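Chain and residue survey
So the chains spell out like this:
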Amino acid sequence: MQVPFYTPVREYHARKAEFDHAVQQVFESGDFILGEDVAAFEKEAASWLGVKYAVGVASGSDALIIGSDILGFRNGAEVLTPTYTFFASASCLARLGARPVFVDMDEETLNMDMRQVAQKVSPRIKGIIPVHLFLQPTPLQEVMDLARANNLKVLEDAAEGWGMQSLVDGAWEKAGTVGNIGIYSFFPTKTLGAYGDAGLMVTDDEVLYRKIKMYRVHGTSTKYHHEYIGYNSRLDTLQAAILLVKLTTTEKAIAARERHARHYTERLTGIPGVRVQSVRKDAHPVYYVYNILVPQRDALATYLKGKGIGTTIYYPKPLHLQPCFAYLGYKEGDFPVSERICKEILALPMYPELTDDEVDYVCDTIASFYGKRG
Ligand SMILES: *Cc1c(COP(=O)(O)O)cnc(C)c1O
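Residues numbered from 1 in each chain as written. Predicted model: local features only at pLDDT ≥ 70, side-chain atom pairs only at ≥ 80, totals over all residues. Heavy atoms only, no water.

For helix α8 (residues 206–215), every residue scored as buried is listed here: Leu208, Tyr209, Ile212, Met214 and Tyr215. Against β1 (53–57), α4 (60–71), β8 (181–185), β9 (199–203) and β10 (220–222) lie the buried residues of α8. Capping the start of α8, Asp205 holds a side-chain oxygen 2.8 Å from the backbone nitrogen of Val207, two or three residues further along. (Buried < 20%, exposed > 50% of the residue type's maximum accessible area, 1.4 Å probe, protein only. Helix = DSSP H or I, 4+ residues; strand = E, 2+ residues; numbered from the N terminus. Contact = heavy atoms within 4.5 Å. Polar contact = N/O pair within 3.5 Å; in protein donor to acceptor, adjacent residues only side chain to side chain.)

The next subject is the pairing of strand β6 (residues 165–168). Of the two faces of β6, the one holding Ser166 and Val168 is buried and the one holding Gln165 and Leu167 is not buried anywhere. When β6 meets strand β7 (residues 171–174), the two strands line up antiparallel, connected through four bridges. The partner of Gln165 across the bridge, within β7, is Lys174. Two successive antiparallel strands, β6 and β7, enclose a turn made up of two residues, where Asp169 displays a positive phi of approximately 50°. In terms of strand pairing, β6 meets strand β13 (residues 283–284) through two bridges, oriented antiparallel. Paired with Gln165 across the bridge in β13 is His284. (Pairing = 2+ DSSP bridges.)

Quick look at the packing of α4 against α8 now. Where α4 meets α8, the closest approach of the two axes is 10 Å, and the angle between their N-to-C directions is 130°. Compared by their axis directions, α4 and α8 come out oblique. For α4 against α8, the interelement crossing comes out right-handed. When α4 is examined against α8, the residues Ile66, Asp69, Ile70 and Leu71 are found in contact with a partner set consisting of Leu208, Lys211, Ile212 and Tyr215. Split by residue class, the contact of α4 with α8 holds six nonpolar, no polar and two charged. (Axes fitted to C-alpha atoms, helices over the stretch in contact; angles between N-to-C directions. Parallel < 35°, antiparallel > 145°, perpendicular 65-115°, else oblique. Left-handed = near helix turned anticlockwise from the far one by under 90°. Nonpolar A, V, L, I, M, F, W, Y, C, P; charged D, E, K, R; others polar.)

Domain annotation for the chain reports domain 1 (9–247) and domain 2 (250–372). Each of domain 1 and domain 2 has a C-alpha centre, and the two are 24 Å apart. Taken together, the 46 residues of domain 1 in the interface contact 41 residues of domain 2. Both sides of the domain 1 and domain 2 interface together cover about 4,000 Å² of buried area, and 57% of this is carbon and sulfur. Broken down residue by residue, the surface that domain 1 buries against domain 2 is led by Tyr84, Phe134 and Leu135, which jointly contribute 18%. In this structure, the connection of domain 1 to domain 2 is made through four salt bridges. (Domains from an automatic or database assignment. Buried area = accessible area lost by both parts, 1.4 Å probe. Salt bridge = Lys/Arg side-chain N within 4 Å of Asp/Glu carboxyl O.)

Before going further, it helps to examine the site of the ligand. Taken together, the neighbourhood of the ligand is formed by 17 residues, with Gly60, Ser61, Glu160, Ser185 and Lys190 sitting nearest. Here a nitrogen atom of the ligand and a side-chain polar atom of Asp157 are 2.9 Å apart. Within the side chain of Lys190, an N or O atom sits 3.1 Å from an oxygen atom of the ligand. Here the ligand loses 93% of its free accessible area of 380 Å² to cover by the protein chains. (Near = heavy atom within 4 Å. Areas by Shrake-Rupley, 256 points an atom, 1.4 Å probe, with all protein chains shown as cover.)

Below, the discussion takes up the sheet that holds strand β4 (residues 125–128). With mixed pairing, the seven strands of this open sheet are ordered in space as β1-β9-β8-β5-β4-β2-β3. The open sheet has two free edges, formed respectively by β1 and β3 (99–103), since each of these has just one partner strand. Recorded for the sheet is a direction-independent mean angle of 25° between the axes of neighbouring strands. Taken together, the five bridges between strand β2 (residues 78–82) and β3 define a ladder with parallel strand orientation. Residue pairing in the sheet places Val79 in a bridge with Pro100 of β3.

This paragraph deals with empty space enclosed by the protein. Inspection of every chain in the model, using the stated rule, returns three cavities of 30 Å³ or more. Looking at the largest cavity, its volume works out to about 170 Å³. Along the walls of the largest cavity sit 20 residues, with Glu11, Thr191, Lys246, Pro352 and Glu353 positioned nearest its centre. Among the elements that make up the lining of the largest cavity, the one with the highest residue count is helix α10 (residues 250–268) (three residues). Shared between two domains, the lining of the largest cavity holds at least three residues of each, these being domain 1 (9–247) and domain 2 (250–372). What lines the second largest cavity is Phe5, Tyr6, Thr189, Arg257, Tyr288, Val289, Tyr290, Tyr314, Ala347, Leu348, Met350 and Tyr351. Along the lines of polarity and charge, the residues of the lining of the second largest cavity split into 10 nonpolar, one polar and one charged. (1 Å grid on protein atoms, 1.4 Å probe; cavity = no way out; pocket = protein on both sides within 12 Å on 5 of 7 lines; lining within 4 Å. Points joined across faces, edges and corners; volume = space filled by probe spheres on them.)

Structure representation (structure tokens):
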């Protein structure tokens, strides 16, 4: 049996007529740049997320740079961000001359350790980038309490956080909709994935919304009249057309992920040495990634590969140890939890189109690996 780590092709074949129709409409209209489907997707996405304004941009990484620029995370500003995340959660700061101040992860949730965040808040800190990794949000109540008390700007990196929820002031709020600005990625592997690069920025603040719209088109509101030094970062109309098709079934896709996650957890919890992720009480998860924490991680990955099973390591090296961030002065040992987890973590295949037999096969194969060696 072959179980790829990820494949968009199964979904395409299952809904080929809808996808083909959607992109053909765009070809026929010739409306490639900020076409009708972009505005339509922004409206639908804002309503699904429960937020006032949504602006489509070229990628999640661009969204982080534009958000950092607008919130003033530049020119020496210090901003708290996890060391254990995708590169873009910190490069957005460094690119604009801001200084990432790294925080270790919480071992249980694999998100930023909020106790460390609280300890590191100081008058020099301008903001926080909470990153909602893998399956649950960084606790947004704690983030917002700290932000309000210390006058910090919050840029939520919800690139992986589509549909995840966190309890804030007694209400369930979608990850990405609580901070000053939230961003999403529609990179193909993500919970809502496009057929190429795509991203979204959301806010409830009209002033920020107007700025975001200008920043994605070179800082203009009127053509060739530049109020800001902006970017060229628009959501492509073809990607918007694909995303509109996929948005109609996003709840079903999330439910299928949840079913596979339960199946994995049920099957894997009994295997000695294999740890699965737990979910906080104040979080509703969305299984963008299903991770296990295991001994002999690399040998297991090689074994699974030999049996036709794809896996991925998110992430093999925390950001404070990346060569490009050496100038920040961190060293090995500064963030022990992240440094340990990056050697134990392994992501298993997780997408709605997986079959129960495939999940069983992955679990059986993991069990046979540890059975042989245990
Ligand atoms: C995927 C991802 C991004 C970047 O999104 P792109 O659309 O690929 O640019 C940023 N942050 C996190 C946490 C991500 O997982």
